[in-house]
Amino acid sequence: MIESDKSVFMEITYKDIHEFKKEDLEDLFLSVEWSSGHFPEKLVIAMKNFKTVYSAWDGAKLVGMVCAMDDGIMNAYLHYLLVRPDYHHQGIGHQLVEMMKEHYADYLRVAVIAYNAELDFYESCGFKKSEDASPMFITSLWT
């Protein structure tokens, strides 16, 4: 079997959990070069505090996740969506977003702040770019 065929045989399982080992979060976040991966203890607490967290697993390996915050009735915000680079283009990100869209189907709005390089992906998931709004941030000095 050649290496590129490996993904055909992988079985990804999806979980609705909030408890993660710091090593799993650190490994996933650093795999996509997110600075928050340098603070795994904080990530463990963050996952417990998110309203909704779905994760993707290849056996015991955390390969992707999506997290959302919401107001309980009208608005939900996808905060994290990440998939390990060696698992890209296998439908994992799309599946995680679909799970969120299903979970929040009765809400008026599900919002995401996407970087320009991610716009095509989110549009393929049904999101539309706002023409009259721009994201704004205050980022801590530790990033």
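Just so it is clear, the structure is predicted and the values come from calculations on it, not from any experiment.

A. Focus on the confidence of the model for the chain. Confidence along the chain averages 89 in pLDDT terms, with 91% of residues attaining 70 or more. Throughout residues 1-8 the model reports pLDDT below 50, and contacts reaching past four residues in sequence, or to other chains, amount to three contacts.

B. Local environment of the pattern of salt bridges. Applying the stated criterion to the full structure yields six salt bridges. K48 is paired through a salt bridge with E19; the nearest N and O atoms lie 3.9 Å apart. With a gap of 29 residues between them, K48 in helix α3 (residues 40-49) and E19 in the loop between β1 (12-15) and α2 (22-31) connect regions that are remote in the sequence. On the basis of relative accessible area, E19 is assigned to the exposed category, the value being 55%. Notably, a salt bridge pairs R84 with D86, separated by 3.5 Å at the nearest N-O pair. According to the relative accessible area criterion, R84 is buried, its value standing at 11%. Overall, D86 belongs to the partly exposed group, its relative accessible area being 47%. Salt bridges sharing common partners tie together D27, K61, R84 and D86.

C. Spatial organisation of the sheet that holds strand β4 (residues 75-83). Taken in spatial order, the five strands of this open sheet run β1-β2-β3-β4-β5, and their pairing is mixed. Whereas interior strands pair on both sides, the edge strands pair on one side only; in this sheet they are β1 and β5 (109-112). The mean inter-strand angle of the sheet, taken between neighbouring strand axes irrespective of direction, is 20 degrees. Pairing analysis gives four bridges linking β1 to strand β2 (residues 52-58), with the strands arranged antiparallel.

D. Main features of the environment of V97. With respect to the secondary-structure elements, V97 resides in helix α4 (residues 92-103). The class for V97 is buried, based on a relative accessible area of 0%. Along the backbone, V97 and T13 are 84 residues apart, and their C-alpha atoms lie at a distance of 15 Å. Among all residues touching V97, those that are not within four sequence positions of it are L81, F121, C125 and F127.

E. Up close: the pairing of β4. Summarising burial for β4: seven of the nine residues are buried, a large majority. With seven bridges connecting them, strand β3 (residues 61-70) and β4 associate as antiparallel partners. Within β4, the position partnered with M65 by the bridge is L82. Taking the residues between adjacent antiparallel strands as the criterion, β3 and β4 are bridged by four residues, where G72 takes a positive phi near 90 degrees. Bridging between β4 and β5 involves four bridges; their strand directions are parallel. Paired with N75 across the bridge in β5 is R109.

F. Focus on a nonpolar patch on the surface. There is a patch of nonpolar side chains on the surface, built from I73, M74 and L108 and spanning about 340 Å² of accessible area. Looking at where I73 falls in the secondary structure, it is placed in the loop between β3 and β4.

Each value, and the rule that gives it
Residues numbered from 1 in each chain as written. Predicted model: local features only at pLDDT ≥ 70, side-chain atom pairs only at ≥ 80, totals over all residues. Heavy atoms only, no water. pLDDT = per-residue confidence, 0-100. Contact = heavy atoms within 4.5 Å. Salt bridge = Lys/Arg side-chain N within 4 Å of Asp/Glu carboxyl O. Helix = DSSP H or I, 4+ residues; strand = E, 2+ residues; numbered from the N terminus. Buried < 20%, exposed > 50% of the residue type's maximum accessible area, 1.4 Å probe, protein only. Pairing = 2+ DSSP bridges. Axes fitted to C-alpha atoms, helices over the stretch in contact; angles between N-to-C directions. Patch = residues over 30% accessible without salt bridge, like charges linked within 9 Å, V, L, I, M, F, W, Y side chains within 5 Å. Areas by Shrake-Rupley, 256 points an atom, 1.4 Å probe, with all protein chains shown as cover.

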